[in-house]
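Overview (structure and organization)
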Amino acid sequence: MLVQDRISPKSAETQKRNLPILHPNRFSESKNLDFSTWVSENLYKILTILFLIATIAALFFLRNSGDTATLLCLQSQQSKHLQSLQFPQINWNSIPPISDKSTPFSNFRSEKWIIVSVSDYPSDSLRNLAKIRGWQVLAVGNSKTPKDWSLKGTIFLSLELQANLGFRVVDYLPYDSYVRKTVGYLFAIQHGAKKIFDADDRGEVIDNDIGKHFDVELVGESARQEVILQYSHENPNRTVVNPYIHFGQRSVWPRGLPLENVGEIGHEEFYTEVFGGKQFIQQGISNGLPDVDSVFYFTRKSGLEAFDIRFDERAQKVAMPQGIMVPLNSFNTIYQSSAFWGLMLPVSISTMASDVLRGYWAQRLLWEIGGYVVVYPPTVHRYDKIEAYPFSEEKDLHVNVGRLIKFLIAWRSGKHRLFEKILELSYVMAEEGFWTEKDVKFTAAWLQDLLAVGYQQPRLMSFELDRPRAQIGHGDRKEFIPRKLPSVHLGVEEIGTVNYEIGNLIRWRKNFGNVVLIMFCSGPVEHTALEWRLLYGRIFKTVIILSEQKNVDLAVEEGQLDHVYKHLPELFARYSSAEGFLFLQDNTILNYWNLLQADKLKLWITDKVSKSWTAVPIDGNSDWFKQQAELVEKVVSTMPVHLQVNYKESMKNDQSLTICNSEVFYIPRKFVADFSDLVNLVGDLNIHHKVAIPLFFMAMDSPQNFDSVFNAMIYEQKPPTNSSTFYSAEVPAIHPWNVASEQEFIKLIRIMAAGDPLLMELA
């Protein structure tokens, strides 16, 4: 896309300069009326004035001549450009048909096609696409595609096959780009296509059922006859929307959304409705890695962690009225036959801009036939390959897309057939610098190829933007409040800025967003379970609550505190992608903001907190200590060598037993396997939780390698009478702090707000 506005040279009138005006009273009147005498007396003055006038006149002439030459040069160049931009002349009634005579599929027909571009061998996602019943997959190759590419059940168009199909568009297509899908669209239409699913080879259709998510059939018995939620047209100044807000992710925006609209994150005051049946372009939302631009990708990404963004699958699909647009892409969109003309991918702009520009171009033309775009809940899951996003390929979008939208909404055409309007719009867009003359010629070739393969252009319908809009009555207003799904990608607040508190929340969430918090509740879970999730669920990947009594309604799982470590391997396996697990008892408060500097690859435990981690002599104590010591010795004797060596190096005195109250500890992913092995070694032995945890930690690693994050925690056996003075926002954790009711929880929230001011919203 050309991002420069057209240069309009200054007119000659604005460049004209006036000569200095000599006022008649500038020189004093001569006292002598004799003219010759006056001349004689003032000769030197007269000569000086004449010299100055001649000099100024010469300078004026030379400078004005230079400007005129420049003006003529600019006018000549611009005139030459406009003259070279020729409007294609097409005889629409004499376009010969094109039939498939060069491929083995000449007699094959199918109404439903999936079209992808392939540059490498078949991916697992593409193999799954090929298994979707009732849909024919067509893979379009380019110069990067392996020569021996093949996939059972898939039609593959190599460069050689594409060249022999006889389509005019082939002459304009680059060899190494996905825009060669344009050939695939024509091939599918030639072979009976009525629906085309524009896809890519890294997305998997959820449940392998396209019809479950999209409105594949618009007419007939199988069509869904229902009204569709629609954005309101009440605000005439709104021209584009971010559909991700509607589906629960207000801080994520799609590629092609003007960056000046990113801060608009409020949900709709109300919607309207429209009858289904003309949603000729259907845009699906993608879970995992949605269609985001490089600005989002680079500013919201945490290290090398792959994006896994989820949208609300229960949100209603939503339509765009005339006058409001939405970014569209080329990897999760269904085109009905009435909109096949809108599949053309421009060739004179960058590849990252091609499908987005096509989407806006097609939406504007769609209004001419009474159609509209509908955005659907998650339809595919795309996997983030953690590849560099080429910002340079998107710069055209970021600079010019806002101007493009305004231009398209203001554009009008007096043509009487759709294809004539399409060609006219392409020509005017070249004039305005949105693409080049190459795309004007490409559009002409595309339209002729469509007619040649038997496509019938739709009839024009009423255009609503030029008519008075009906007033939206109270009964026409439909409310829908989107869910605000958890997101680590929050970059804006309602007012459009990132304030201090929101910034902290982003940082904490990015740090702990893939850590599972396992919490044991000794108190009444019916009063505190939801509150604990509300407090810590904002920060961690998830909060698992264990208690002596199971509570299905509150999702509280059963566990025994004396042997709670035996429940952990099952939870580890359940969250196999988590990078770590943090255990916490409900008598300890976690100040998560003070854990940011801790190393998540190391073990964390209270080994330096003397009141928590103690060595108890075996002799002279109760039989319970002796029994526990014997069980520990039995487990140690069966340990693998690396665990046994670690433990014996750490445990210098075999006449004592290490006890740790173990209210809080952290296990990173790399130690999960060792922890699970140690639990298996314990088996049915009755080793208490306070004994087993320090045993496991010393076996997994040397205490000198433990992270020191919990060294500074406040640890008392009993809290002081005035608990508010006991609390400190500057330490990582506080023990003990018991919460047994909602009132106590509110008190806790208010005091923790010293470290996290956003908590006041919960109180």
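Just above, that's the structure.
Residues numbered from 1 in each chain as written. Predicted model: local features only at pLDDT ≥ 70, side-chain atom pairs only at ≥ 80, totals over all residues. Heavy atoms only, no water.

Before going further, it helps to examine the sheet that holds strand β21 (residues 733-735). Reading across from one edge, β16-β21-β20 is the order of the three strands in this open sheet, with mixed pairing throughout. Each edge of the sheet is formed by a strand with only one pairing partner; in this case those strands are β16 (589-590) and β20 (714-715). With two bridges connecting them, β16 and β21 associate as antiparallel partners. Residue pairing in the sheet places Ile 589 in a bridge with Ile 734 of β21. (Pairing = 2+ DSSP bridges. Helix = DSSP H or I, 4+ residues; strand = E, 2+ residues; numbered from the N terminus.)

Attention now moves to the environment of Tyr 360. Take Tyr 360: it is sitting in helix α10 (residues 351-366). Spatially, the C-alpha atoms of Tyr 360 and Pro 327 are 6.9 Å apart, while their sequence positions differ by 33 residues. Excluding its chain neighbours within four sequence positions, the residues that come into contact with Tyr 360 are Val 240, Gly 256, Leu 257, Pro 258, Met 325, Val 326, Pro 327, Val 401, Leu 404, Ile 405 and Leu 408. (Contact = heavy atoms within 4.5 Å.)

For the rest of this paragraph, the subject is the pairing of strand β2 (residues 136-141). Here β2 lies mainly inside the structure; six of its six residues are buried. Taking every second residue as pointing to the same face, both faces of β2 are buried, with Gln 136, Leu 138 and Val 140 on one and Val 137, Ala 139 and Gly 141 on the other. With six bridges connecting them, strand β1 (residues 112-118) and β2 associate as parallel partners. Its bridge partner lying in β2, Val 116 is registered against Ala 139. Tracing the backbone out of β1, into helix α4 (residues 124-130) and back to the parallel element β2 gives a crossover that is right-handed. Relative to strand β3 (residues 154-157), β2 is paired through four bridges, and the arrangement is parallel. (Buried < 20%, exposed > 50% of the residue type's maximum accessible area, 1.4 Å probe, protein only. Right-handed = clockwise from strand over helix to strand, strands pointing away.)

Here we take up the environment of Lys 441. Position of Lys 441 relative to the elements: it lies in helix α13 (residues 437-452). Note: C-alpha distance between Lys 441 and Val 169 (272 residues apart in sequence) is 9.1 Å.

Before going further, it helps to spend a moment on unusual backbone geometry. Backbone torsion omega between His 735 and Pro 736 reads -5 degrees, so that peptide bond is classified as cis. Here Pro 736 is to be found in the loop between β21 and α22 (742-752). In this structure, Asp 207 takes a positive phi of about 65 degrees despite not being glycine. Relative to the elements of secondary structure, Asp 207 occurs in the loop between β5 (203-205) and α7 (210-213). The residue Ala 555 is not glycine, and still its phi comes out positive at about 55 degrees. When you line up the elements, Ala 555 lands in the loop between β13 (542-547) and β14 (556-558).

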